[in-house]
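Breakdown of the fold
Okay, here's what each chain looks like letter by letter:
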Amino acid sequence: SMSGPSSSPADRRRLWPGLALPGSLWLAVFFLVPAYAIACVAFGRVDPVFRDAVPVWNPLHWQFDDAEDVVSSVISGPLRGVLLRTTAYVVVAVVACLVVGYPIAYYVARQTGTRRTVLLGLMVIPFWVSLLMRLLSWVNLLESDGLASRALRVVGIDRQWLNGSHVTVVFGLVYGYLPFLILPLYASLDRLDWRLVEAARDLGATTTQAFRWVTLPLSRAGIAAGSVLIALPMFGDYYTTDLLSRSPRTAMMGTQIDFFLNGSSQKQKGATLVLVLAVLLALVMTWYLVSLARARREQS
């Protein structure tokens, strides 16, 4: 085999690049090409008769007037409020997911045998049902005559949950993306050396102190990975607020992109907003990679 004792160093050096080649080609075709097409629309021109977006495939002929208008709107114009609102939704939703998901992942990681298998199966079950269908079920529960709304009115909570409620949008984000956070957290905690926790307890640390000084620092990489994994799609999410609110006061960046691309003739602005959002998410990803590298250095 390639990894056997008879393989040469040159063969071993070619093994991993060869295995990575199919995935690299996949990314090149289905990521780089669409990204370039979006840039061609964002920096293209507008048909003077039909007012449709006309992509310009030659970068030397790109025009940046519309892109400058969109960037200015994001920095100091109407889209600035949308960006701040989206960021607030994502931050609150990620924190809520961590508060709910970390104890679940910790509990499952501490189990063994059949109980762990059953709990893992329960965590995977939500993936069997489309997120769209699950959100639609919450629409039926939260509408004015829905089961959840009627139950809340019994305890004195009477409000319109589907009419521009920030709480409902954040709840929808937490509900939709929580399973994607729990699994990376579980994987990180499952690899944790629990003998270090036992050593801390033997040295006199309480359960809380052992968690704060040992468990939590060692699981920071999993926390960062899970947070980034759900934060990135949350920034581009538009169907959650569209289904659970449908109000301009809860519009997110994804909502604006969907409007520009499908609800108006300003497709250049929508494509430019996609690029702006991609740059912002690249900054978040850079933070994650730096945090991961720092955590690995500390562990080594």
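What you see is a predicted model; the values in this text were computed from it and never measured.

Cut-offs and rules
- Sequence positions are assigned chain by chain, starting from 1 and proceeding in written order.
- Residues qualify for local features only when their pLDDT is at least 70, as the model is predicted, and side-chain atom pairs are given and counted only at 80 or more; totals for whole chains, interfaces and linings, by contrast, use all residues.
- Processing note: side-chain calculations cover all non-hydrogen atoms of the structure and skip hydrogens and water entirely.
- As used in this record, nonpolar core signifies buried Ala, Val, Leu, Ile, Met, Phe, Trp, Tyr and Cys residues forming a set joined through side-chain atoms within 4.5 Å.
- Think of it in three bands: residues with accessible area under 20% of the maximum for their type are buried, residues over 50% are exposed, and the middle band is partly exposed, with areas taken using a 1.4 Å probe on protein chains only.
- Secondary structure elements are taken from DSSP: a helix is a run of H or I of four residues or more, a strand is a run of E of two residues or more, and numbering for both begins at the N terminus.
- Every residue pair with non-hydrogen atoms within 4.5 Å of one another is taken to be in contact.
- By convention in these notes, a salt bridge is any Lys or Arg side-chain nitrogen within 4 Å of a carboxyl oxygen on Asp or Glu.
- By this rule, a helix spans an expected 1.5 Å times one less than how many residues it contains.
- We define the bend at any residue as the angle between the axes fitted to the seven residues before and including it, ending there, and the seven starting there.
- For every residue, the pLDDT score states the predictor's confidence, bounded by 0 at the bottom and 100 at the top.
- Here a pair means two rings of Phe, Tyr or Trp (six-membered ring of Trp) with centres within 6.5 Å. Their orientation is stacked below 30 degrees between planes, edge-to-face above 60, and tilted elsewhere.
- Note on definitions: angles span 0 to 180 degrees between N-to-C directions of axes, and those axes are lines fitted to C-alpha atoms, for helices only across the stretch in contact.
- Roughly parallel means an angle under 35 degrees; roughly antiparallel means over 145; roughly perpendicular covers 65 to 115; every other angle is labelled oblique.
- By convention the crossing between two helices is left-handed if the near helix lies anticlockwise of the far one by an angle smaller than a right angle, and right-handed if it lies clockwise.
- Basically, the charged four are Asp, Glu, Lys and Arg, the nonpolar ten are Ala, Val, Leu, Ile, Met, Phe, Trp, Tyr, Cys and Pro, and anything else, Gly included, counts as polar.

A word on the nonpolar core. In terms of nonpolar packing, the biggest core is built from 47 residues, with Val74, Cys97, Leu173, Ile230, Met234 and Leu273 touching the most fellow members. Among the elements that line this core, the one with the most residues is helix α3 (residues 78-109), at 12 residues. Cys40, Trp62, Ala67 and Ala271 belong to the second largest nonpolar core, which has eight residues in total.

This paragraph deals with the environment of Arg80. Inspection of the secondary structure assignment puts Arg80 in helix α3. The exposure class assigned to Arg80 is partly exposed, which follows from its relative accessible area of 43%. In sequence terms Arg80 and Met285 are 205 residues apart; their C-alpha atoms lie 21 Å from each other. Once residues lying within four places of it in the same chain are set aside, the contact partners of Arg80 are Ser73, Val74 and Ile75.

According to the stated counting rule, one finds two salt bridges in the structure shown. Between Asp190 and Arg116 there is a salt bridge, and its shortest N-O distance comes to 2.8 Å. Highlighted residues: Asp190 in helix α7 (residues 166-190) and Arg116 in helix α4 (residues 113-124), separated in sequence by 74 residues. Looking at Asp190, the relative accessible area reads 34%, which means it is partly exposed. Residue Asp193 is joined to Arg195 by a salt bridge in which the shortest nitrogen-to-oxygen separation is 3.0 Å.

On to α7, then. For α7, spanning 25 residues, the distance from its first C-alpha to its last is 35 Å, which sits close to the expected 36 Å at 1.5 Å a residue. Most pronounced at Tyr177, the bend in α7 amounts to some 45 degrees, and the proline Pro179 follows within four residues.

On to the confidence of the model for the chain. When pLDDT is averaged across the chain, the result is 86; 95% of the residues are at 70 or more. When the elements of the chain are averaged for pLDDT, helix α13 (residues 267-299) gives the smallest value, 83, and α3 the largest, 94.

Okay, the side chain of Ser227 next. You can see Ser227 is positioned in helix α10 (residues 220-236). Beyond its immediate chain neighbours, meaning those up to four positions away, Ser227 contacts Val94, Leu98 and Leu181.

Another point: the packing of aromatic side chains. Counted by the stated rule, this structure contains 14 aromatic pairs. A ring pair is formed by Tyr36 and Trp57, whose centres lie 6.5 Å apart and whose planes are at 35 degrees; its orientation type is tilted. Here Tyr36, found in helix α1 (residues 9-42), pairs with Trp57, found in the loop between β2 (53-54) and α2 (65-76); they are 21 residues apart in sequence, far enough to count as distant. Ring geometry for Tyr36 and Trp62: centres 6.1 Å apart, planes at 40 degrees, overall tilted. Linking Tyr36 in helix α1 with Trp62 in the loop between β2 and α2, this pair joins segments that are 26 residues apart in sequence. By the ring-pair criterion, three or more aromatic residues cluster together here, those being Tyr36, Phe43, Trp57, Trp62 and Phe64.

Following both chains from N to C, one finds α2 and α3 inclined at 60 degrees, their axes separated by 5 Å at the closest point. The angle between the axes of α2 and α3 places the two elements in the oblique class. Taken as a pair, α2 and α3 cross one another with a handedness that is right-handed. Contacts from Val70, Ser73, Val74, Ile75 and Ser76 of α2 reach α3 at Pro78, Leu79, Arg80 and Leu83. Each residue belonging to the contact of α2 with α3 can be placed in one class, and the counts come to six nonpolar, two polar and one charged.

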